[in-house]
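Take a look at the letters that make up each chain.
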Amino acid sequence: MPSPSDLSSSYDSCASHHSCDSYATAVAALRAAGCVFAEDEARLILDAARTPDELAAMVDRRATGAPLELVVGWAEFAGLHITVAPGVFVPRRRTEFLVEQALTQVPDASVVVDLCCGSGAVGAALAAALGPVELHAADIDPAAVRCARRNLAAYGGQVHAGDLFAALPTRLHGRVGILAANVPYVPTGEVGLLPAEARDHEPLVALDGGADGLDVLRRVTAEAPRWLAPGGCLLVETSERQSAAAVGAFTRAGLRARLAVCEERYANVVVGVMA
(Lines give C-alpha, C1' and ligand atoms only; values in the text may rest on other atoms or scores of the structure.)
Protein backbone atom coordinates (compact mmCIF):
# COMPACT_ATOMS: atom_id res chain seq x y z
CA MET A 1 0.00 0.00 0.00
CA PRO A 2 1.31 3.47 -0.77
CA SER A 3 2.96 5.00 2.27
CA PRO A 4 1.24 8.19 3.41
CA SER A 5 4.55 10.00 3.89
CA ASP A 6 5.84 8.96 0.48
CA LEU A 7 2.70 9.18 -1.62
CA SER A 8 0.28 11.80 -0.34
CA SER A 9 -0.03 14.92 -2.42
CA SER A 10 0.18 18.16 -0.45
CA TYR A 11 -3.24 18.79 0.99
CA ASP A 12 -3.37 21.93 3.13
CA SER A 13 -7.04 22.11 2.22
CA CYS A 14 -9.39 19.76 0.43
CA ALA A 15 -8.56 18.40 -3.02
CA SER A 16 -8.75 21.11 -5.64
CA HIS A 17 -11.47 19.46 -7.72
CA HIS A 18 -13.61 17.97 -4.95
CA SER A 19 -15.45 19.50 -2.02
CA CYS A 20 -14.59 19.22 1.64
CA ASP A 21 -17.83 17.29 2.04
CA SER A 22 -16.57 14.71 -0.46
CA TYR A 23 -13.39 14.31 1.53
CA ALA A 24 -15.25 13.90 4.80
CA THR A 25 -17.62 11.36 3.25
CA ALA A 26 -14.73 9.37 1.80
CA VAL A 27 -12.87 9.36 5.12
CA ALA A 28 -15.97 8.17 6.96
CA ALA A 29 -16.57 5.34 4.49
CA LEU A 30 -12.95 4.19 4.56
CA ARG A 31 -12.73 4.41 8.34
CA ALA A 32 -15.93 2.37 8.68
CA ALA A 33 -14.37 -0.25 6.40
CA GLY A 34 -11.38 -0.53 8.73
CA CYS A 35 -8.79 1.41 6.73
CA VAL A 36 -6.16 2.48 9.25
CA PHE A 37 -4.94 5.42 7.16
CA ALA A 38 -8.39 6.56 6.06
CA GLU A 39 -7.48 10.26 5.81
CA ASP A 40 -4.40 9.67 3.69
CA GLU A 41 -6.15 7.14 1.48
CA ALA A 42 -9.06 9.54 0.95
CA ARG A 43 -6.64 12.23 -0.22
CA LEU A 44 -5.06 9.87 -2.73
CA ILE A 45 -8.43 8.71 -4.03
CA LEU A 46 -9.75 12.27 -4.33
CA ASP A 47 -6.63 13.22 -6.25
CA ALA A 48 -7.12 10.33 -8.69
CA ALA A 49 -10.88 10.65 -9.21
CA ARG A 50 -12.00 12.81 -12.14
CA THR A 51 -15.75 13.00 -11.38
CA PRO A 52 -17.97 12.62 -8.33
CA ASP A 53 -19.31 9.33 -9.68
CA GLU A 54 -15.77 8.00 -10.18
CA LEU A 55 -14.88 9.12 -6.67
CA ALA A 56 -17.82 7.23 -5.20
CA ALA A 57 -16.95 4.11 -7.17
CA MET A 58 -13.30 4.26 -6.11
CA VAL A 59 -14.15 4.71 -2.44
CA ASP A 60 -16.55 1.78 -2.68
CA ARG A 61 -13.88 -0.42 -4.29
CA ARG A 62 -11.39 0.39 -1.56
CA ALA A 63 -13.98 -0.05 1.19
CA THR A 64 -14.82 -3.51 -0.14
CA GLY A 65 -11.19 -4.64 -0.07
CA ALA A 66 -9.50 -3.69 -3.33
CA PRO A 67 -5.83 -2.72 -2.85
CA LEU A 68 -5.40 1.05 -2.72
CA GLU A 69 -2.82 0.89 -5.52
CA LEU A 70 -5.31 -0.76 -7.88
CA VAL A 71 -7.97 1.77 -6.92
CA VAL A 72 -5.82 4.83 -7.69
CA GLY A 73 -3.95 3.16 -10.56
CA TRP A 74 -0.37 3.46 -9.35
CA ALA A 75 2.09 2.34 -6.71
CA GLU A 76 5.17 4.03 -5.31
CA PHE A 77 8.31 1.96 -5.83
CA ALA A 78 11.89 3.14 -5.40
CA GLY A 79 10.76 6.73 -5.72
CA LEU A 80 8.87 6.08 -8.96
CA HIS A 81 5.16 6.17 -9.77
CA ILE A 82 4.48 2.72 -11.23
CA THR A 83 1.23 2.25 -13.14
CA VAL A 84 -0.76 -0.78 -11.98
CA ALA A 85 -4.02 -2.20 -13.27
CA PRO A 86 -6.59 -4.77 -12.19
CA GLY A 87 -5.22 -8.28 -12.52
CA VAL A 88 -1.58 -7.15 -12.17
CA PHE A 89 0.66 -7.94 -9.20
CA VAL A 90 1.23 -4.83 -7.06
CA PRO A 91 4.96 -4.23 -6.43
CA ARG A 92 5.93 -4.55 -2.76
CA ARG A 93 8.11 -2.01 -1.05
CA ARG A 94 10.29 -4.83 0.33
CA THR A 95 11.31 -5.64 -3.24
CA GLU A 96 13.20 -2.34 -3.33
CA PHE A 97 15.83 -4.28 -1.37
CA LEU A 98 16.32 -6.58 -4.38
CA VAL A 99 16.92 -3.52 -6.56
CA GLU A 100 19.45 -2.16 -4.06
CA GLN A 101 21.31 -5.48 -3.96
CA ALA A 102 21.45 -5.62 -7.75
CA LEU A 103 22.90 -2.13 -7.99
CA THR A 104 25.47 -2.93 -5.31
CA GLN A 105 26.53 -6.15 -7.04
CA VAL A 106 26.71 -4.87 -10.63
CA PRO A 107 26.69 -1.05 -10.52
CA ASP A 108 27.80 -0.77 -14.14
CA ALA A 109 25.37 -3.26 -15.71
CA SER A 110 24.56 -2.48 -19.33
CA VAL A 111 22.06 -5.30 -19.98
CA VAL A 112 19.19 -5.81 -17.54
CA VAL A 113 16.42 -8.40 -17.54
CA ASP A 114 13.31 -8.22 -15.34
CA LEU A 115 11.86 -11.75 -15.40
CA CYS A 116 8.36 -12.40 -14.00
CA CYS A 117 8.15 -8.64 -14.38
CA GLY A 118 4.53 -7.96 -13.40
CA SER A 119 4.13 -4.20 -13.67
CA GLY A 120 7.80 -3.81 -14.64
CA ALA A 121 8.60 -1.96 -11.39
CA VAL A 122 11.95 -3.67 -10.83
CA GLY A 123 13.10 -3.04 -14.38
CA ALA A 124 12.02 0.59 -14.20
CA ALA A 125 13.83 1.14 -10.90
CA LEU A 126 17.02 -0.45 -12.21
CA ALA A 127 16.95 1.54 -15.44
CA ALA A 128 16.26 4.78 -13.56
CA ALA A 129 19.28 4.18 -11.34
CA LEU A 130 21.69 2.85 -13.97
CA GLY A 131 21.01 5.28 -16.78
CA PRO A 132 20.90 4.11 -20.40
CA VAL A 133 20.78 0.30 -20.46
CA GLU A 134 19.50 -2.43 -22.72
CA LEU A 135 16.39 -3.37 -20.78
CA HIS A 136 14.23 -6.44 -21.31
CA ALA A 137 11.27 -7.66 -19.28
CA ALA A 138 9.06 -10.72 -19.59
CA ASP A 139 5.90 -12.13 -18.08
CA ILE A 140 3.51 -14.94 -18.93
CA ASP A 141 0.44 -12.88 -18.05
CA PRO A 142 -0.94 -10.63 -20.84
CA ALA A 143 -2.26 -8.02 -18.39
CA ALA A 144 1.19 -7.73 -16.81
CA VAL A 145 2.84 -7.38 -20.21
CA ARG A 146 0.50 -4.53 -21.16
CA CYS A 147 1.15 -2.76 -17.86
CA ALA A 148 4.92 -3.25 -18.03
CA ARG A 149 5.04 -1.80 -21.54
CA ARG A 150 3.52 1.41 -20.18
CA ASN A 151 5.99 1.60 -17.30
CA LEU A 152 9.11 0.74 -19.28
CA ALA A 153 8.48 2.77 -22.44
CA ALA A 154 10.31 5.78 -20.98
CA TYR A 155 13.44 3.63 -20.58
CA GLY A 156 13.30 2.06 -24.03
CA GLY A 157 12.51 -1.28 -22.42
CA GLN A 158 11.37 -4.23 -24.50
CA VAL A 159 8.64 -6.31 -22.85
CA HIS A 160 8.15 -9.88 -24.03
CA ALA A 161 5.19 -12.20 -23.48
CA GLY A 162 5.93 -15.81 -22.59
CA ASP A 163 7.08 -18.35 -20.05
CA LEU A 164 10.30 -17.26 -18.32
CA PHE A 165 13.38 -17.45 -20.58
CA ALA A 166 11.37 -18.74 -23.54
CA ALA A 167 10.07 -15.20 -23.92
CA LEU A 168 13.53 -13.63 -24.28
CA PRO A 169 15.50 -13.14 -27.50
CA THR A 170 18.38 -15.61 -27.74
CA ARG A 171 20.79 -12.79 -28.53
CA LEU A 172 20.88 -12.15 -24.78
CA HIS A 173 22.71 -15.44 -24.09
CA GLY A 174 25.81 -14.70 -22.02
CA ARG A 175 25.20 -10.94 -21.98
CA VAL A 176 22.95 -10.18 -19.01
CA GLY A 177 24.53 -8.16 -16.20
CA ILE A 178 21.52 -8.09 -13.90
CA LEU A 179 18.85 -10.79 -14.06
CA ALA A 180 16.12 -9.91 -11.56
CA ALA A 181 13.46 -12.58 -11.17
CA ASN A 182 10.73 -11.74 -8.68
CA VAL A 183 9.27 -15.22 -8.92
CA PRO A 184 6.11 -16.42 -7.13
CA TYR A 185 7.14 -18.20 -3.95
CA VAL A 186 4.00 -18.85 -1.90
CA PRO A 187 3.45 -22.61 -1.43
CA THR A 188 0.25 -23.71 -3.15
CA GLY A 189 -1.32 -24.79 0.13
CA GLU A 190 -0.75 -21.37 1.68
CA VAL A 191 -2.17 -19.15 -1.06
CA GLY A 192 -5.55 -19.26 0.68
CA LEU A 193 -3.94 -17.83 3.81
CA LEU A 194 -2.74 -14.67 2.09
CA PRO A 195 -4.36 -11.32 2.92
CA ALA A 196 -7.55 -10.80 0.93
CA GLU A 197 -5.97 -7.89 -0.98
CA ALA A 198 -3.52 -10.31 -2.59
CA ARG A 199 -5.64 -13.46 -2.62
CA ASP A 200 -8.70 -11.87 -4.22
CA HIS A 201 -7.19 -9.20 -6.45
CA GLU A 202 -3.83 -10.41 -7.76
CA PRO A 203 -3.18 -13.13 -10.36
CA LEU A 204 -2.58 -16.62 -8.99
CA VAL A 205 0.33 -17.09 -11.41
CA ALA A 206 2.17 -14.28 -9.61
CA LEU A 207 1.67 -15.83 -6.18
CA ASP A 208 1.66 -19.64 -6.40
CA GLY A 209 5.17 -21.12 -6.36
CA GLY A 210 4.16 -24.79 -6.29
CA ALA A 211 4.15 -27.36 -3.51
CA ASP A 212 7.07 -25.87 -1.57
CA GLY A 213 6.97 -22.43 -3.18
CA LEU A 214 10.23 -22.95 -5.07
CA ASP A 215 9.12 -24.50 -8.38
CA VAL A 216 9.64 -21.35 -10.46
CA LEU A 217 12.81 -20.40 -8.57
CA ARG A 218 14.37 -23.75 -9.42
CA ARG A 219 13.48 -23.37 -13.10
CA VAL A 220 15.01 -19.89 -13.20
CA THR A 221 18.23 -20.81 -11.41
CA ALA A 222 18.79 -23.90 -13.56
CA GLU A 223 18.73 -21.90 -16.79
CA ALA A 224 20.13 -18.56 -15.63
CA PRO A 225 23.85 -19.33 -16.17
CA ARG A 226 23.50 -19.52 -19.93
CA TRP A 227 22.06 -15.99 -19.97
CA LEU A 228 24.39 -14.28 -17.52
CA ALA A 229 27.52 -12.43 -18.53
CA PRO A 230 30.73 -13.13 -16.60
CA GLY A 231 30.28 -11.32 -13.28
CA GLY A 232 26.57 -10.97 -13.94
CA CYS A 233 24.11 -11.79 -11.19
CA LEU A 234 20.74 -13.41 -10.67
CA LEU A 235 18.61 -12.04 -7.84
CA VAL A 236 15.48 -13.71 -6.49
CA GLU A 237 13.31 -12.78 -3.54
CA THR A 238 12.21 -15.57 -1.23
CA SER A 239 10.98 -16.10 2.32
CA GLU A 240 13.14 -16.61 5.39
CA ARG A 241 12.17 -20.27 5.78
CA GLN A 242 12.80 -21.00 2.10
CA SER A 243 16.13 -19.18 1.95
CA ALA A 244 18.42 -22.16 2.66
CA ALA A 245 16.77 -24.27 -0.04
CA ALA A 246 16.88 -21.33 -2.44
CA VAL A 247 20.59 -20.80 -1.86
CA GLY A 248 21.09 -24.53 -2.50
CA ALA A 249 19.37 -24.25 -5.86
CA PHE A 250 21.65 -21.37 -6.85
CA THR A 251 24.74 -23.34 -5.82
CA ARG A 252 23.67 -26.42 -7.75
CA ALA A 253 23.31 -24.25 -10.85
CA GLY A 254 26.95 -23.22 -10.50
CA LEU A 255 26.37 -19.72 -9.19
CA ARG A 256 28.30 -18.21 -6.29
CA ALA A 257 25.40 -17.57 -3.93
CA ARG A 258 24.82 -15.37 -0.91
CA LEU A 259 21.74 -14.46 1.08
CA ALA A 260 21.01 -10.79 1.71
CA VAL A 261 18.55 -9.91 4.45
CA CYS A 262 16.81 -6.67 5.39
CA GLU A 263 14.97 -7.30 8.63
CA GLU A 264 13.28 -3.90 8.60
CA ARG A 265 11.51 -4.74 5.32
CA TYR A 266 11.19 -8.50 5.94
CA ALA A 267 13.14 -8.97 2.71
CA ASN A 268 15.25 -12.00 1.84
CA VAL A 269 17.09 -11.93 -1.48
CA VAL A 270 19.36 -14.62 -2.87
CA VAL A 271 22.13 -13.19 -5.04
CA GLY A 272 23.95 -15.54 -7.40
CA VAL A 273 27.03 -14.39 -9.29
CA MET A 274 28.32 -15.94 -12.51
CA ALA A 275 31.99 -16.81 -12.32
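Note: the structure precedes this text.
Residues numbered from 1 in each chain as written. Predicted model: local features only at pLDDT ≥ 70, side-chain atom pairs only at ≥ 80, totals over all residues. Heavy atoms only, no water.

(A) Up close: the environment of Pro169. Mapped onto the elements of the fold, Pro169 is located in the loop between β5 (158-161) and β6 (176-181). Between the C-alpha atoms of Pro169 and Leu70, which are 99 residues apart in sequence, the distance is 31 Å. If near-sequence neighbours (up to four positions away) are discounted, Pro169 is found in contact with His136, His160 and Trp227. (Helix = DSSP H or I, 4+ residues; strand = E, 2+ residues; numbered from the N terminus. Contact = heavy atoms within 4.5 Å.)

(B) The nonpolar core, seen in detail. Core analysis: the biggest nonpolar cluster contains 35 residues, and Val112, Leu126, Ile178 and Leu235 have the highest contact counts within it. The dominant element in this core, judged by the number of residues it contributes, is helix α7 (residues 121-130), at seven residues. With residues up to four places along the chain from it excluded, the contact list for Leu126 reads Val99, Ala102, Leu103, Val112, Ile178 and Ala180. Ranked by size, the runner-up nonpolar core spans 27 residues in total, among them Leu115, Leu217, Leu234 and Ala246. (Core = buried A, V, L, I, M, F, W, Y, C linked by side-chain atoms within 4.5 Å. Buried < 20%, exposed > 50% of the residue type's maximum accessible area, 1.4 Å probe, protein only.)

(C) Layout of the packing of helix α6 (residues 96-105) against α7. Contact geometry of α6 with α7 gives a least axis separation of 10 Å together with a crossing angle of 40 degrees. Put simply, α6 runs oblique to α7. The two elements α6 and α7 meet at a crossing, and its hand is right-handed. Residues Leu98, Val99, Ala102 and Leu103 of α6 pack against Val122, Ala125, Leu126, Ala129 and Leu130 of α7. Grouping the constituent residues of the contact of α6 with α7 by class yields nine nonpolar, no polar and no charged. (Axes fitted to C-alpha atoms, helices over the stretch in contact; angles between N-to-C directions. Parallel < 35°, antiparallel > 145°, perpendicular 65-115°, else oblique. Left-handed = near helix turned anticlockwise from the far one by under 90°. Nonpolar A, V, L, I, M, F, W, Y, C, P; charged D, E, K, R; others polar.)

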